Amino acid sequence: MPEVVLPKDNDNVKSPQAGDTVPSEHNIPAPPENRELVMEDHDAIGVFRGGIPSDICRAVIASFEHWYERKYIVNDSMVNKVMAKSDTGSDIISSIDAGMDGTKQFGKKGQLGRKDTQLFLETHDKGMALALSQWLGEAFKIYTQTYNGIVEGDPLSSWTYKIQKTPPGGGYHVWHCEDSGFMYRDRVLTWMVYLNDIPLGNGGATDFMYQKLSLQPTEGTIVFWPATYTHMHRGAFLTGDIDKYIATGWFNREPGPTM
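Calculation criteria
- Residues numbered from 1 in each chain as written.
- Predicted model: local features only at pLDDT ≥ 70, side-chain atom pairs only at ≥ 80, totals over all residues.
- Heavy atoms only, no water.
- Pairing = 2+ DSSP bridges.
- Helix = DSSP H or I, 4+ residues; strand = E, 2+ residues; numbered from the N terminus.
- Axes fitted to C-alpha atoms, helices over the stretch in contact; angles between N-to-C directions.
- Buried < 20%, exposed > 50% of the residue type's maximum accessible area, 1.4 Å probe, protein only.
- Polar contact = N/O pair within 3.5 Å; in protein donor to acceptor, adjacent residues only side chain to side chain.
- Core = buried A, V, L, I, M, F, W, Y, C linked by side-chain atoms within 4.5 Å.
- Phe/Tyr/Trp six-rings, centres within 6.5 Å; stacked < 30°, edge-to-face > 60°.
- Salt bridge = Lys/Arg side-chain N within 4 Å of Asp/Glu carboxyl O.
- Expected span 1.5 Å × (residues − 1).
- Contact = heavy atoms within 4.5 Å.

Draft legend 1. Region of the structure containing the sheet that holds strand β16 (residues 233-235). Spatially, 3 strands are ordered β14-β13-β16 in an open sheet, and the strand pairing comes out antiparallel. Each having just a single partner strand, β14 (213-215) and β16 make up the two edges of the open sheet. If you compare each strand with its neighbour and ignore which way they point, the axes differ by 20 degrees on average. Bridge count between strand β13 (residues 206-208) and β14: 3 bridges; the pairing is antiparallel. In the strand pairing of β14, Thr206 is matched with Leu215.

Right, here's the structure in full:
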């Protein structure tokens, strides 16, 4: 995890939080038991409309804005991995820029590639990340009851809670899947939450290539889909004057118990 140096809040600057020790005006409630959730199934793309309430979505956006303008992160986007040992015994390290600024990922393509900004809640606001994970839990349970092969074998975990802000003219326009790199080979299932509405005439849909499906962002909608090549997708260009906010992450395969 990158090193994080954050300023202390003063009395006039407060971040939305979650948990029993947080003052009530900051607290994010846990989801009610037995809430009604219905999954639309589009060829293994599970869509839960209204899965997260508006006030929770607004709190997540507020947390993003609060920390994004205040953050100071050392080597935030660099991921270093020891690949091998040299003849002298020193580490051979692969350094990859994970691209906190989406414009870096496809530099030669410019805005035809990717344009957005990102922040990881688990790094900046762990309470909010935990709250969001609780609201995802029931939808994940329903999805894996339908596609129960996902939870067979070694366990899954989702430890990334990335908030992504796309300005007008932006988006992730390159067709891609989520496990296409060696670093990402353990990704099994992708999750996403639309945190605000984008009118149909303003673009910003999530297009799925082989399923011939476009999902228009509607506040509180949760989406799950397989992280692999069968579900290539992209973000459509965002027009109009409304920023698009999503939360996203992955369920990764973790090592199981040894025999």
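So, next bit.
Draft legend 2. Molecular detail of the pairing of strand β17 (residues 244-253). Extensive coverage of β17 is indicated by the burial of 9 of its 10 residues. Summarising the sheet, strand β9 (residues 156-157) and β17 pair through 2 bridges and their orientation is antiparallel. Residue pairing across strands places Ser157 opposite Asn252, the latter belonging to β17. Here 5 bridges tie strand β10 (residues 162-166) to β17, and the two strands are oriented antiparallel to one another. When the bridges of β17 are listed, Gln164 appears paired with Ile246.

Draft legend 3. Expanded view of the side chain of Thr206. With respect to the helices, strands and loops of the structure, Thr206 is situated in strand β13. At 2.6 Å, the side chain of Thr206 forms a polar contact with the side chain of Tyr194.

Draft legend 4. Expanded view of the nonpolar core. Formed by 38 residues in total, the largest nonpolar core has its most connected members in Leu121, Trp191, Leu195 and Phe224. When contributions to this core are tallied by element, the ones reaching two or more residues are α1 (54-68), α3 (126-146), β12 (187-194), β15 (222-226) and β17. Of the residues forming this core, the biggest block, 10 residues, is contributed by α3.

Draft legend 5. Just the packing of aromatic side chains, in detail. Under the criterion given, the structure shown has 10 aromatic pairs. Each ring, one from Phe64 and one from Tyr68, has its centre 5.3 Å from the other, and the planes form 15 degrees; the classification is stacked. Here Tyr68 and Phe64 lie together in helix α1, a separation of 4 residues that amounts to about one turn. Residues Phe140 and Phe251 carry aromatic rings whose centres are separated by 4.2 Å and whose planes lie at 15 degrees to one another, so their mutual orientation is stacked.

Draft legend 6. Here's a closer look at the pattern of salt bridges. In total, this model carries 6 salt bridges according to the counting rule given. Between Asp91 and Lys85 there is a salt bridge, with its nearest N and O atoms 2.5 Å apart. By relative accessible area, Asp91 is classed as partly exposed at 38%. Each member of the salt-bridge network shares a partner with another, and the members are Glu65, Lys165 and Asp243.

Draft legend 7. Looking closely at α1. Between the first and last C-alpha of α1 there are 21 Å, a value that for 15 residues agrees with the 21 Å anticipated at 1.5 Å per step. Buried within α1 are the following residues: Ile56, Cys57, Ala59, Val60, Ile61, Ser63, Phe64, His66 and Trp67.

Draft legend 8. Structural context of the pairing of β12. Counted residue by residue, β12 has 7 buried out of 8 residues, so it is predominantly covered. The sheet contact formed by β12 and β17 spans 7 bridges and is antiparallel. Counted as the bridge partner of Tyr194 is Ile246 from β17. When β12 meets β15, the two strands line up antiparallel, connected through 5 bridges. In the strand pairing of β15, Leu189 is matched with Pro226.

Draft legend 9. Geometry of the environment of Thr230. Tracing the chain through its elements places Thr230 in the loop between β15 and β16. With a relative accessible area of 33%, Thr230 lands in the partly exposed category. Spatially, the C-alpha atom of Thr230 lies 10.0 Å from that of Asp43, the residues being 187 residues apart in sequence. When sequence neighbours within four positions are dropped, the list of residues in contact with Thr230 reads Tyr210 and Gln211. Polar side-chain contacts of Thr230 include one of 2.8 Å to the side chain of His231.

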